[in-house]
Amino acid sequence: MKTTTMIVSIILAGLLTNNMVLSKFLGICPFLGVSKKVNTAFSMSIAVTLVMIIATAVTYPIFYFLLRPDFEYLETVVFILVIAAIVQFIEIFLKKYIKPIYNALGIYLPLITTNCAVLGITMLNVTDFDVNAYSFGKLYLFSLTNALSAGLGFMLAMVLFAGIRQRLETADVPEFMKGLPITLVAAALCSLSFLGFAGIGG
Amino acid sequence: MKQSKWNVFTNGLLRENPTLRLVLGTCPTLAVTTAAKNGVGMGIAATIVLVCSNAVISLLRNVIPEKVRIPAFITIIAGFVSVVQMLVKAFLPTIDTALGIYLPLIVVNCIILARAEMFASKNSFVPSVLDGLGMGIGFTAVLTLMGAIREFLGAGTLFSLPITAKVIDPMIIFLLPPGGFFVFGMLVAASNAIAKRRGKPIVEKMGCENCPAKDSCENAGNGCDEAKEAE
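Every value quoted in this text rests on a predicted model; they were computed, and no experiment measured them.

How each quantity is defined
Within each chain, residues carry numbers counting from 1 in the order of the written sequence. Chains and ligands are labelled sequentially in the order written, the chains with letters from A and the ligands with numbers from 1. Only residues with pLDDT of 70 or above have their local features reported here, since the model is predicted, and side-chain atom pairs are shown and tallied only from 80 upward, although totals for entire chains, interfaces and linings are computed over all residues. Processing note: side-chain calculations cover all non-hydrogen atoms of the structure and skip hydrogens and water entirely. To get an axis, fit a line to the C-alpha atoms, keeping to the stretch in contact for a helix; angles then go from 0 to 180 degrees between the N-to-C directions. Helix and strand assignments follow DSSP, with helices taken as H or I runs no shorter than four residues and strands as E runs no shorter than two, numbered in order from the N terminus. Angles below 35 degrees are treated as roughly parallel, those above 145 as roughly antiparallel, those between 65 and 115 as roughly perpendicular, and all remaining angles as oblique. Whether a crossing is left-handed or right-handed is set by the direction in which the near helix is turned from the far one by less than a right angle, anticlockwise for left-handed and clockwise for right-handed. We call two residues in contact whenever any of their non-hydrogen atoms come within 4.5 Å of each other. Side-chain classes follow a simple rule in which Ala, Val, Leu, Ile, Met, Phe, Trp, Tyr, Cys and Pro form the nonpolar group, Asp, Glu, Lys and Arg form the charged group, and the remainder, Gly included, forms the polar group. Between Lys or Arg on one side and Asp or Glu on the other, a salt bridge is scored when a side-chain nitrogen of the former is within 4 Å of a carboxyl oxygen of the latter. Within 3.5 Å is the distance limit for a polar contact, defined as a pair of N or O atoms, with the added protein rule that one can donate a hydrogen and the other accept it, and that residues adjacent in sequence qualify only through two side-chain atoms. Any residue under 20% of the maximum accessible area for its type is buried, any over 50% is exposed, and the rest in between are partly exposed; the area is computed with a 1.4 Å probe on protein chains only. In this description, a nonpolar core means a group of buried Ala, Val, Leu, Ile, Met, Phe, Trp, Tyr and Cys residues linked to one another through side-chain atoms lying within 4.5 Å. One fewer than the residue count of a helix, multiplied by 1.5 Å, yields its expected span.

### What to know about the packing of helix α7 (residues 116–128) of chain A against helix α8 (residues 136–168) of chain A
Residues and elements named next belong to chain A.
1) Next: Contact geometry of α7 with α8 gives a least axis separation of 10 Å together with a crossing angle of 135 degrees. Comparing their axes, α8 and α7 come out oblique. In terms of crossing hand, the pair formed by α7 and α8 is right-handed. Along the contact surface, α7 presents Ile-121, Asn-125 and Asp-128, while α8 presents Ser-143, Asn-146, Ala-147 and Ala-150.
2) Next: Each residue belonging to the contact of α7 with α8 can be placed in one class, and the counts come to three nonpolar, three polar and one charged.

What follows is the structure, given as structure tokens:
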């Protein structure tokens, strides 16, 4: 496939057809836990997108040049430790140099280390693109695009769902369905609507 | 708080079932339960990691400094996950393909980190192993049940054996992502209905009380602080 078509299809897949939350079930904890208000959901997603891109930028070269092909079994350990270190570093850096961003996003950063969406995207970058078919430059570009579109897809799902939940607050539901169960059913309908995008972008 | 060993073991099965009562580890619960077999595979893999990491963390609980305990726990858990990953790849390649990236993602499964933080880091070896085993079996049971429901409704089979597949057209939607959310929602609702009848509190929130990242979540001013007030 041509590079440009590939990039367009990665973006469409990340946003709609292979949405991180609604079709891959990654990052369900923040999706259900931090989606009560639209603005909280928005800030959290920005922090997640940022960490996803930086984590991909660091882990992909590590995978390509250091782990491949003999040490691939170390992927899990190396990736989670690198992500934990990166998140810590971003937090310290923002606190010291870019105070306004730290004040807005800082509180979400510790949550992100154990967010499966971040570890998930770094691992998907390794499995999604055939290492032998492209040069490193292209693979790196695809991976970064993949991280960006996955982050934006996460944001789309979070913000949409936060809007739905604000309406759900006032709905009258049976007592044993209150809270989590009805939220999950709402998520099912949300995910159902995203199925309608299936087939877009090949 | 001294609990008998039997109580520690059975705690994870019903009273504090990690999936339905504590609501932890929702990602694998939703993602891999498209067939009962996958549920069993994921459950057993997570149980092995849970028992091993609980055992090692309880033995090292006086050695690991308080400040770096979370990174230390994650490293220990990641080590065991890699071991399980290699074993599954070598001996059960079909399960490995079915679980995909969700197998290595056991590292960030909050059940394991939560039990390390809440239980293993405060208790001795034997109770920690029993706690891991109980929680693991509770997790496996719910995953298998959910896998069975989705497989039965979505494919008309059970553990790959045809039940109604040839008689009724299966509802494929239950194998697709929306089915996962829906069946899990219904299971939580059913467990709430049973809990209510027995006079136990019902689950309305995510498992924030048991989440290792609880403190930062509370600062974020979301549902978690309300859960704390309710307590």
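So, next bit.
### A closer look at the side chain of Asn-146 of chain A
1) Next: Residue placement: Asn-146 of chain A occurs in helix α8.
2) Next: The residues touching Asn-146 of chain A, leaving out its near neighbours within four places in the chain, are Ile-10, Ile-121, Asn-125, Asp-128 and Phe-129 of chain A.

### Remarks on the side chain of Asn-38 of chain B
1) Next: Looking at the secondary structure, you find Asn-38 of chain B in helix α3 (residues 36–59).
2) Next: The contact partners of Asn-38 of chain B, leaving out residues within four places of it in the chain, are Val-32, Ala-98 and Leu-99 of chain B.

### With respect to the environment of Val-56 of chain B
Residue and element names in this part refer to chain B.
1) Next: Locating Val-56 in the fold gives a position in helix α3.
2) Next: Measuring from C-alpha to C-alpha, the distance between Val-56 and Val-129 comes to 9.3 Å, with 73 residues separating the pair along the chain.
3) Next: In this view, Val-56 contacts Ile-76 and Phe-80; residues no more than four positions away in its chain are not counted.

### Observations concerning the interface of chain B and chain A
1) Next: Facing the 49 residues of chain B at the interface are 47 residues of chain A.
2) Next: The tally of links from chain B across to chain A stands at one salt bridge.
3) Next: Residues Glu-175 of chain A and Lys-196 of chain B are paired through a salt bridge, measuring 3.5 Å at the closest nitrogen-oxygen approach.
4) Next: Our count for the contact surface shared by chain B and chain A stands at two residue pairs in polar contact (both at pLDDT 80 or more).
5) Next: Elements that contribute at least two residues to the side of chain B that touches chain A include exactly α2 (26–31), α4 (69–91), α6 (110–120), α8 (177–197), α9 (214–219) and α10 (223–230) of chain B.

### Quick notes on the pattern of salt bridges
All names here are of chain B.
1) Next: By the definition in use, this model includes four salt bridges over all chains.
2) Next: Between Glu-66 and Arg-69 there is a salt bridge, and its shortest N-O distance comes to 3.6 Å.
3) Next: Classification of Arg-69 as partly exposed rests on a relative accessible area of 23%.
4) Next: One salt-bridge network, in which partners are shared between bridges, spans Glu-66, Arg-69 and Glu-117.

### Notes on the nonpolar core
1) Next: Counting 117 residues, the largest nonpolar core has Leu-26, Phe-31, Met-52 and Leu-119 of chain A together with Leu-105 and Phe-181 of chain B as the members making the most contacts within it.
2) Next: When residues of this core are assigned to their parent elements, the largest contribution, 12 residues, is made by helix α3 (residues 38–67) of chain A.
3) Next: Residues contacting Leu-105 of chain B, with those up to four places away along its chain left out, are Leu-26, Cys-116, Leu-119, Gly-120 and Met-123 of chain A.

### Structural notes on helix α1 (residues 3–17) of chain A
All names here are of chain A.
1) Next: For α1, spanning 15 residues, the distance from its first C-alpha to its last is 20 Å, which sits close to the expected 21 Å at 1.5 Å a residue.
2) Next: Taken together, the buried positions of α1 are occupied by Met-6, Ser-9, Ile-10, Ala-13, Gly-14 and Leu-16.
3) Next: Its buried side turned inward, α1 meets α8 and α9 (180–195).

### Side note on unusual backbone geometry
1) Next: With an omega of -10 degrees, the peptide bond running from Arg-68 of chain A to Pro-69 of chain A counts as cis.
2) Next: Inspection of the secondary structure assignment puts Pro-69 of chain A in the loop between α3 and α4 (75–97).
3) Next: Notably, Ser-160 of chain B is not glycine yet its phi reads approximately 70 degrees, a positive angle.

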